[in-house]
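For reference, the chains in residue letters:
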Amino acid sequence: MMKIIKVIIAATLLMLSGFSIAEDAEEFIATQEQLILQAYKVNDLQNKVLLDGSTEADAKALFDLFSDDFVYVHEQYGSEYTKEHLYRNTIKFMKAGKYIFKRDRYTIVELIPGRKAVALRRLQHPNHWNPNNEYHFTVFEFDGLKVKRIVEYW
């Protein structure tokens, strides 16, 4: 009988600890200030990865800011890529010497923070892909402080 009581107590404690873990695991919502800082970090690391001489460590630092279920969407080109796909391509292009920018690709001109997202207006500087200054509109969606989705609207 004592053994049954101990099992019931242990099961009850396990269930209760599970409930407290679930309560502690409430969704973390970053502040707008935190999202703005993260948007700048992502932009800076995107720029760094495209520079001549970038390293795999630079790519890893960028992709560490993305959630495991991250998706990149470029609606004009009808494309949607997972984190793994983008990371593999980034390393492949890096090793092939395709990233040869001499200066940052993007400068953030305007940020509009919202709840769990930041819209960015970025100036793309002239480069070997495009000789013109162009403005690009991009939305970073967040899960906590990790970028869950990037949608390009250019």
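Above this text sits the structure in question.
Residues numbered from 1 in each chain as written. Predicted model: local features only at pLDDT ≥ 70, side-chain atom pairs only at ≥ 80, totals over all residues. Heavy atoms only, no water.

Visitor: Describe the overall build of the protein, and please don't skip the residues or the numbers.
Guide: Within the protein, the secondary structure is distributed over four helices and six strands. Along the chain direction, N to C, the helices and strands of the protein fall in the order α-α-α-β-β-α-β-β-β-β. Across the 154 residues that make up the protein, the buried fraction comes to 37%. Pairs at least 24 apart in sequence give 52% of the contacts found in the protein among residues at least 6 apart. Looking at the protein as shown, the accessible area adds up to about 9,700 Å², and 59% of this sits on carbon and sulfur atoms. (Helix = DSSP H or I, 4+ residues; strand = E, 2+ residues; numbered from the N terminus. Buried < 20%, exposed > 50% of the residue type's maximum accessible area, 1.4 Å probe, protein only. Contact = heavy atoms within 4.5 Å. Areas by Shrake-Rupley, 256 points an atom, 1.4 Å probe, with all protein chains shown as cover.)

Visitor: Describe the packing of helix α2 (residues 32-50) against helix α3 (residues 56-63), and please don't skip the residues or the numbers.
Guide: At a closest axis distance of 9 Å, the pairing of α2 and α3 adopts a crossing angle of 155°. The angle between the axes of α2 and α3 places the two elements in the roughly antiparallel class. In this structure, the crossing between α2 and α3 has a hand that is left-handed. When α2 is examined against α3, the residues V42, L45, Q46, K48 and V49 are found in contact with a partner set consisting of D58, A59, A61 and L62. (Axes fitted to C-alpha atoms, helices over the stretch in contact; angles between N-to-C directions. Parallel < 35°, antiparallel > 145°, perpendicular 65-115°, else oblique. Left-handed = near helix turned anticlockwise from the far one by under 90°.)

Visitor: With reference to specific residues and values, describe the packing of α3 against helix α4 (residues 83-95).
Guide: Packing of α3 against α4 leaves a shortest axis separation of 10 Å and a crossing angle of 160°. In terms of orientation, α3 and α4 fall into the roughly antiparallel class. Helix-helix and strand crossings are classified by hand; for α3 and α4 the assignment is right-handed. Residues E56, A59, K60 and F63 of α3 form the contact with α4, whose own contacting residues are K83, L86, Y87, T90, I91, M94 and K95.

Visitor: Summarise the side chain of S54; cite the residues concerned and give the values.
Guide: When you line up the elements, S54 lands in the loop between α2 and α3. Polar side-chain contacts of S54 include one of 2.7 Å to the backbone oxygen of V49. If sequence neighbours within four positions are ignored, S54 has contacts with K48, V49, M94 and Y99. (Polar contact = N/O pair within 3.5 Å; in protein donor to acceptor, adjacent residues only side chain to side chain.)

Visitor: How would you sum up the layout of surface pockets? Please name residues and give values.
Guide: By volume, the largest pocket is sized at about 730 Å³. Secondary-structure elements contributing two or more residues to the lining of the largest pocket are α2, α3, β1 (66-74), β2 (79-82), α4 and β6 (146-152). In terms of residue count, α4 provides more of the lining of the largest pocket than any other element does, five residues in total. Considering only residue class, the lining of the largest pocket consists of 16 nonpolar, six polar and four charged. (1 Å grid on protein atoms, 1.4 Å probe; cavity = no way out; pocket = protein on both sides within 12 Å on 5 of 7 lines; lining within 4 Å. Points joined across faces, edges and corners; volume = space filled by probe spheres on them. Nonpolar A, V, L, I, M, F, W, Y, C, P; charged D, E, K, R; others polar.)

Visitor: Explain α2 residue by residue, including any values.
Guide: Taking 1.5 Å per residue as the helical rise, α2 with its 19 residues ought to reach 27 Å, and the 27 Å between its terminal C-alpha atoms agrees with that figure. Among the residues making up α2, those that are buried are L35, Q38, A39, V42, N43, L45, Q46, N47, V49 and L50. (Expected span 1.5 Å × (residues − 1).)

Visitor: Help me get a handle on the side chain of T138, residues and values and all.
Guide: Tracing the backbone through its elements, the reader meets T138 in strand β5 (residues 134-143). Within the structure, T138 has its side chain in polar contact with the side chain of E152 (distance 2.5 Å). With sequence-adjacent residues up to four places away left out, T138 is seen in contact with V118, A119, L120, R122, I150, V151, E152 and W154.

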